[in-house]
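An overview of the molecular structure
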Amino acid sequence: MGSWYLCFPVFLALYVITKHFLNKFQNLPPSPFLSLPIIGHLYLLKKPIHQTLYRISKQHGPIAFLQFGSRKVVVVSSPSAAEECLTKNDIIFANRPRLTIGKILGYNYTILSWAPYGDHWRNLRKIAALQILSISRLQMFSGIRVDEAKILIRKLLHYQDQSVELRTMFFELTLNVMMRMIAGKRYYGDNIADLEESKRFKEIHRETFKLAGTPCIGDYLPLFKSKKLENMLIKCQRKRDEFMQGLIEEHRRRRRGSGHDSETDRKNTLIEVLLGLQESEPEYYNDEIIKGLMLIMLLAGTDTTVNAIEWALTLLLNHQEVLEKVQKEIDKHVGHERLIEESDLAQLPCLSNIINETMRMYPPSPLLLPHESSEKCVVGGFHIPQGTILFVNLWAIQNDPKLWADPTKFKPERFEGVERGRDGFRLMPFGSGRRGCPGEGLGLTMVGLVLGSMIQCFQWMRTGEEMVDMTEASGLTLSKAQPLHAKCRPRPIMFNLLSKI
Ligand code: HEM
């Protein structure tokens, strides 16, 4: 026992030094010196992870190599390194690592966000681009978004001058929009057809978000795999699957019964479109593919959109001068006789700059989703082995003082003349390349419409004298630690219109 006690430090020192020189010999990117046996650099990870990785990149450079337990990881934190990964090496990095969440919640890696690069993923992308998120489909569903934005405005009218918690409202709006697009149903607020079904949906949604945000340590340290977490994920997935199957069966019955549905919301839903395609190509558009597409819209499209709206309004509450400026822009362009529409968004540069600046400072997915190299490649002159997980530290790039003047200051005007949602590889909140977000158009439209409607109709105030707290929560998506509370007052100039909506 005694000799072990003495041997351990010697063994550790030998291990660390050998590993360090081996990495150098293999021309791997720079790495923090101390990589411990079994856990590697996992001991360095403090929440929020994107900020820890930023500090590592400041010490070791914009391409850093880490060992997370059994997995090799490369973190890139400069526009040029990101560009090299997502253009020259785009196909090599178009894979996703096989993580427990993708296995269990992603139908064994067959849903869009977790499918490996290849024919199946390409097909799913095509279906998503043409059948779900194309410009014409989005236009077809525009009535749903406008309707839900009006419902939010009506709801806010009840809270005049009172402190109101907004995150829940943004979630309900976004989930209602998604579910109306998917199945023609709303589960939050009034006009809910089936209360029991709505209760089940809310429970499933709560559980999914809780579990999807729980890190699965077994992905990096197989010895510490948590059966408890896996079982919880399996149970949750069973409920999700049954729920979505129920919706498909309901649509199927209705198709068989009348052939057509008289309710406008239900005629062109995603389920209807996909069941139509199933009739012509049953082997490809099977129920599992349909359920996967329904679920990915709920998972990928809600949290991100809600975070963007919540951060934007928070920043505006702390910068009343910007709020006044954008209100004037909306007044001038839209006026007071009608509500802001989606077609107005392209003519509102100040609103667009605010959205860019919000997503620069608080990118909803600060590390994108993890990519993985399918073969060895070279980035920045360094060797990257096959099977290395890639994190693009968007937060680090978008908040780098070498790239942005006063990066911690909210200055929407820095984006004058820049397209919404993109500025080369300096600003790319939706990612880039083959695996870039296919929901960019929908996400930007929802953020613009909801934010624009709230600004047009209400005067917004903080609940007290002090600034709204900007602390970040510690998850893989970047949300506020505390849900936003604010006060709103209908603008007198809008009374007439508000009395009619
Ligand atoms: C403000 C809103 C949104 C933001 C900021 C956002 C951001 C992102 C980011 C950063 C990625 C990862 C890209 C990568 O790994 O390189 C992604 C992937 C994805 N997003 Fe979004 N997203 C938003 C809204 C949406 C919406 C509304 C949908 C669909 C309804 C959606 C569907 C997806 C899907 C399916 C993927 C995975 C794509 C793949 O793996 O091929 N997103 N998103």
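Preceding this paragraph is the structure being described.
Residues numbered from 1 in each chain as written. Predicted model: local features only at pLDDT ≥ 70, side-chain atom pairs only at ≥ 80, totals over all residues. Heavy atoms only, no water.

1. A few points about the environment of Met294
Stated precisely, the cut-off is as follows: A run of H or I in DSSP counts as a helix once it spans at least four residues, and a run of E counts as a strand once it spans at least two, with each numbered from the N terminus. Each residue's exposure class comes from its accessible area (1.4 Å probe, protein chains only) as a fraction of the maximum for that residue type: buried when under 20%, exposed when over 50%, partly exposed otherwise. Here, two residues are considered to be in contact whenever any of their heavy atoms come within 4.5 Å of each other.
By secondary structure assignment, the location of Met294 is in helix α13 (residues 287-318). In this structure Met294 comes out as buried when scored by relative accessible area, which is 0%. Spatially, the C-alpha atom of Met294 lies 35 Å from that of Gln67, the residues being 227 residues apart in sequence. The residues touching Met294, leaving out its near neighbours within four places in the chain, are Ile182, Met244, Leu247, Ile248, Leu270 and Ile271.

2. Section: the packing of helix α9 (residues 195-212) against α13
Just so we agree on the cut-off: Note on geometry: axes are lines fitted to C-alpha atoms, helical ones only across the stretch in contact, with angles between N-to-C directions running from 0 to 180 degrees. An angle below 35 degrees is treated as roughly parallel, one above 145 as roughly antiparallel, one from 65 to 115 as roughly perpendicular, and anything else as oblique.
Taken N-terminus to C-terminus, the directions of α9 and α13 make an angle of 75°; their axes are 12 Å apart at the nearest point. What the angle tells us is that α9 and α13 run roughly perpendicular. For the pair α9 and α13, the contacting residues are Phe201, Thr208 and Phe209 in the first and Leu298, Leu299, Thr302 and Asp303 in the second.

3. Some remarks on the site of the ligand
Applied cut-off: Think of it this way: one heavy atom of a residue within 4 Å of a molecule or strand is enough to make that residue near it. Each polar contact in these results corresponds to two N or O atoms within 3.5 Å; when the atoms are within protein, one needs to be able to donate a hydrogen and the other to accept it, and residues that are neighboring in sequence are counted only if both atoms are side-chain atoms. Polarity classes work like this: nonpolar for Ala, Val, Leu, Ile, Met, Phe, Trp, Tyr, Cys and Pro, charged for Asp, Glu, Lys and Arg, and polar for all others, with Gly in that last group.
Near the ligand there are 25 residues, and of these Arg96, Arg125, His371, Arg435 and Cys437 occur at the shortest range. In this structure, Trp121 approaches the ligand through a side-chain N or O atom, which is 2.9 Å from an oxygen atom. In this structure, Leu369 approaches the ligand through a main-chain N or O atom, which is 3.3 Å from an oxygen atom. With six residues, α13 is the largest single contributor of residues to the shell around the ligand. When grouped by side-chain class, the residues that make up the shell around the ligand number 14 nonpolar, eight polar and three charged.

4. A few points about helix α3 (residues 79-88)
Spacing of three or four residues puts side chains on the same side of an α-helix, whose turn is 3.6 residues. If you check which residues of α3 are buried, you get Pro79, Ala81, Ala82, Glu84, Cys85 and Leu86. At its buried positions, α3 is contacted by β1 (63-68), β2 (71-76), β4 (371-372), β5 (377-379), β7 (389-392) and α16 (394-398).

5. Structural notes on the side chain of Arg167
Along the chain, the position of Arg167 falls in helix α8 (residues 167-183). Engagement of the side chain of Arg167 in a polar contact is seen with the side chain of Glu310, the distance being 3.0 Å. When neighbours within four sequence positions are excluded, Arg167 is seen to be in contact with Val306, Glu310, Lys480, Gln482, Pro483 and Leu484.

6. Brief notes about the coordination of the iron atom of the ligand
Heads up, the condition is: As a rule, N, O and S atoms within 2.8 Å of a metal are its donors, except that Na, K and Ca use 3.2 Å; water is not among the atoms, so sites may look incomplete.
The protein supplies the iron atom of the ligand with one donor atom, Cys437 (SG), which lies at 2.3 Å. Following the sequence through the fold, Cys437 ends up in the loop between α16 and α17 (440-457).

7. Focus: the pattern of salt bridges
The condition is simple: The salt bridge definition used is simple: a Lys or Arg side-chain nitrogen within 4 Å of an Asp or Glu carboxyl oxygen.
Throughout the structure, instances matching the rule amount to 30 salt bridges. For Glu249, the salt bridge is made with Arg252, and the minimal N-O distance between the two is 3.2 Å. Linking Glu249 with Arg252, this pair stays in helix α10 (residues 227-258), spanning three residues, or about one helical turn. Among the ionic pairs, Arg491 bridges to Asp331, the shortest N-O distance being 2.7 Å. Taken together, the positions of Arg491 in the loop between β9 (485-490) and α18 (495-498) and Asp331 in helix α14 (residues 320-334) put the pair 160 residues apart, joining distant regions of the chain. Here the residues in one salt-bridge network are Asp147, Glu148, Arg180 and Arg186, joined through shared partners.

8. Digging into the sheet that holds β1
Let me state the cut-off plainly: Only strands joined by at least two bridges in the DSSP assignment are considered to pair.
In space, the four strands of this open sheet follow the order β1-β2-β7-β4, with mixed pairing throughout. Looking at strand neighbours, the two that pair on one side only are β1 and β4, the edges of this open sheet. As judged from the two bridges shared by β4 and β7, these two strands associate in the antiparallel manner. Within β7, the position partnered with His371 by the bridge is Leu390.

9. Section: the state of the cysteines
So the rule is basically this: Any cysteine sulfur atom paired with another within 2.5 Å is treated as part of a disulfide.
Using the criterion set out here, one finds zero disulfides in the structure. Residue Cys216 stays outside any disulfide, its sulfur separated by 13 Å from that of Cys236, the closest cysteine. Using a relative accessible area of 14% as the deciding quantity, one classes Cys216 as buried. With no disulfide of its own, Cys457 lies 10 Å from the sulfur of Cys488, the closest cysteine sulfur. Judged by relative accessible area, which is 0%, Cys457 ranks as buried.

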